[in-house]
Amino acid sequence: GPPDPYTDSPQENALTAPDLPLGIVHDMPAEEYHAVPALSATGLKALARSAWHYKNRPNIKPTRPMLRGTLAHCAVLEPHAMAERYVVVPADAPRRPSVAQLNAKKPSDDSRAAMSWWADFTASAEGRQIVSAEDYAITQMQLQALADEPTIAGILKEGHGEVSVFWRCKRTGVYCKARPDWMTPATGRRVTLLDLKSTADESPNGFGRAAARMGYHLQRSHYVDGVQQATGWKVDEFVFAAVTSAPPVLAVPYFLTDAIKEQADDERAELMDRYARCMESGHWPAYGQGLQMLDFPAYAKRDSEVEVSFAD
């Protein structure tokens, strides 16, 4: 029979290669997951720009909003790991010394005291990420907002966080991976997936624009197809839990329209084909060769039926 999709060892489900995991793996460290050479939703988004951009994608330096999002993910999905990953700056801590203060030839007594305090505090962090009291307070607001939203709270009540999923696409043969933030228990071979999104604007218009810009529809398509291929289960729904990243903090559950889901599946199928061709040929093109024709997007084009006249 098919392998049990749940396994503590990623080696046990490897059907095609002994060193590549297949199926669902719980509690896989993030660095191990990211090291597995498989096509991810993030890779698909880079591929959507061009194959060249996928092949040459850089390591991204986290911004403060990204760090807040990572902190929220840990607090919601892996609360047991908060203490080992983060240390919060006390509210009465001295202001962190500036570069100018650190480089001053004759720092003031206050500057010297602040530098000494921060040196001791950084050493005591022992490699953990230092989080400001402000960012930690916002995370607590996000936790409360998520708990106050019945749909989100109901999904998070029972299940598994940071689930690693690996599969080989039946249609293209491409080896893929995904890491849903949350998966409910498989009841009657059916599950619900949830992805937590820390966002500047949780409104339908604001989050809709962010979702389109960030390719969240591709992520949904990749995760749903992956879980269904890896397990044989049915994904009932993929919920985006949007929560504001600055006060006032509100959490809103969203799911995509059928039309956008269909568009996403079509786009992803085209990208999977492109990836398979590039892997086979070893050629990762950008936009074409030589002089390129440039057109305007539909919104920027003048309507040909509208006459423009100028008053003398």
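Check the entry above for the structure.
Read on for a plain summary of the structure. (Residues numbered from 1 in each chain as written. Predicted model: local features only at pLDDT ≥ 70, side-chain atom pairs only at ≥ 80, totals over all residues. Heavy atoms only, no water.)

Digging into the overall build of the protein chain
- The secondary structure content of the protein chain amounts to 12 helices and 11 strands.
- Going through the 312 residues of the protein chain one by one, you find that 42% of them count as buried.
- Sequence separation of at least 24 residues holds for 67% of the intrachain contacts in the protein chain that already meet a minimum separation of 6. (Helix = DSSP H or I, 4+ residues; strand = E, 2+ residues; numbered from the N terminus. Buried < 20%, exposed > 50% of the residue type's maximum accessible area, 1.4 Å probe, protein only. Contact = heavy atoms within 4.5 Å.)

Things to note about the environment of Asp-236
- For Asp-236, the position within the fold is in strand 10 (residues 234–244).
- Along the primary structure Asp-236 and Leu-193 are separated by 43 residues, whereas in three dimensions their C-alpha atoms are 8.1 Å apart.
- Looking at Asp-236, its side chain comes within polar contact range of the side chain of Arg-190, at 2.8 Å. (Polar contact = N/O pair within 3.5 Å; in protein donor to acceptor, adjacent residues only side chain to side chain.)

Here we look at the side chain of Arg-220
- Its place among the elements puts Arg-220 in helix 11 (residues 216–231).
- Beyond its immediate stretch of four places on either side in the chain, Arg-220 contacts Glu-237, Phe-238, Phe-240, Leu-256 and Lys-261.

Re the sheet that holds strand 9 (residues 190–199)
- On the basis of which strands lie adjacent, the open sheet formed by five strands has the order 5-8-9-10-11 and mixed pairing. Each edge of the open sheet is held by one strand with a lone partner, namely strand 5 (160–161) and strand 11 (251–254).
- With 10 bridges connecting them, strand 9 and strand 10 associate as parallel partners. Of the residues in strand 10, the one forming a bridge with Ser-198 is Val-243.
- Sheet strands in contact with helix 8 (residues 133–148) are strand 9, strand 10 and strand 11, and its direction is about 135° off that of strand 10. (Pairing = 2+ DSSP bridges. Axes fitted to C-alpha atoms, helices over the stretch in contact; angles between N-to-C directions.)

Here's the deal with the pattern of salt bridges
- All told, the structure shown has eight salt bridges when counted by the stated rule.
- The closest approach of N and O atoms between Lys-261 and Asp-258, which form a salt bridge, is 4.0 Å. One end of the pair, Lys-261, and the other, Asp-258, are both in helix 12 (residues 258–281), three residues apart, so they sit about a helical turn from each other.
- Residues Lys-301 and Asp-295 are paired through a salt bridge, measuring 3.1 Å at the closest nitrogen-oxygen approach.
- According to the relative accessible area criterion, Asp-295 is exposed, its value standing at 55%.
- In the salt-bridge network here, residues are joined through shared partners; they are Glu-237, Asp-258 and Lys-261. (Salt bridge = Lys/Arg side-chain N within 4 Å of Asp/Glu carboxyl O.)

Observations regarding the nonpolar core
- Counting 39 residues, the largest nonpolar core has Leu-39, Met-183 and Leu-193 as the members making the most contacts within it.
- Looking at which element gives the most residues to this core, the answer is helix 11, with six residues.
- Counting 15 residues, the second largest nonpolar core, distinct from the first, contains Leu-156, Leu-196, Val-243 and Ala-251. (Core = buried A, V, L, I, M, F, W, Y, C linked by side-chain atoms within 4.5 Å.)

Some thoughts on helix 8
- Along its 16 residues, helix 8 runs 23 Å from first to last C-alpha, staying within 8% of the 22 Å computed at 1.5 Å per residue.
- The complete set of buried residues in helix 8 reads Asp-135, Ile-138, Thr-139, Gln-142, Ala-145 and Leu-146. One side of helix 8 carries all its buried residues, which in axial view fall inside an arc of 120°. (Expected span 1.5 Å × (residues − 1). Arc of directions from axis to C-beta.)

A word on the environment of His-26
- With respect to the element layout, His-26 can be found in the loop between strand 2 (23–25) and helix 1 (30–35).
- With a relative accessible area of 16%, His-26 lands in the buried category.
- The spatial distance from the C-alpha of His-26 to the C-alpha of His-160 is 7.9 Å, given a sequence separation of 134 residues.

Let's talk about helix 12
- Counted at 1.5 Å a residue, the expected span for helix 12 with its 24 residues is 34 Å, and the 35 Å between its end C-alpha atoms agrees.
- Among the residues of helix 12, Lys-261, Ala-264, Arg-268, Leu-271, Met-272, Tyr-275 and Cys-278 are the ones counted as buried.
- Elements that come into contact with the buried residues of helix 12 comprise helix 2 (41–49), helix 3 (51–55), strand 6 (164–168), strand 7 (175–178), helix 11 and strand 10.
- Downstream of helix 12 by one or two residues, Gly-282 has phi in the positive range, about 75°.

What to know about the environment of Leu-196
- Position of Leu-196 among the secondary structure elements: in strand 9.
- The spacing of Leu-196 and Ala-251 is 55 residues in sequence and 9.8 Å in space, taken between C-alpha atoms.

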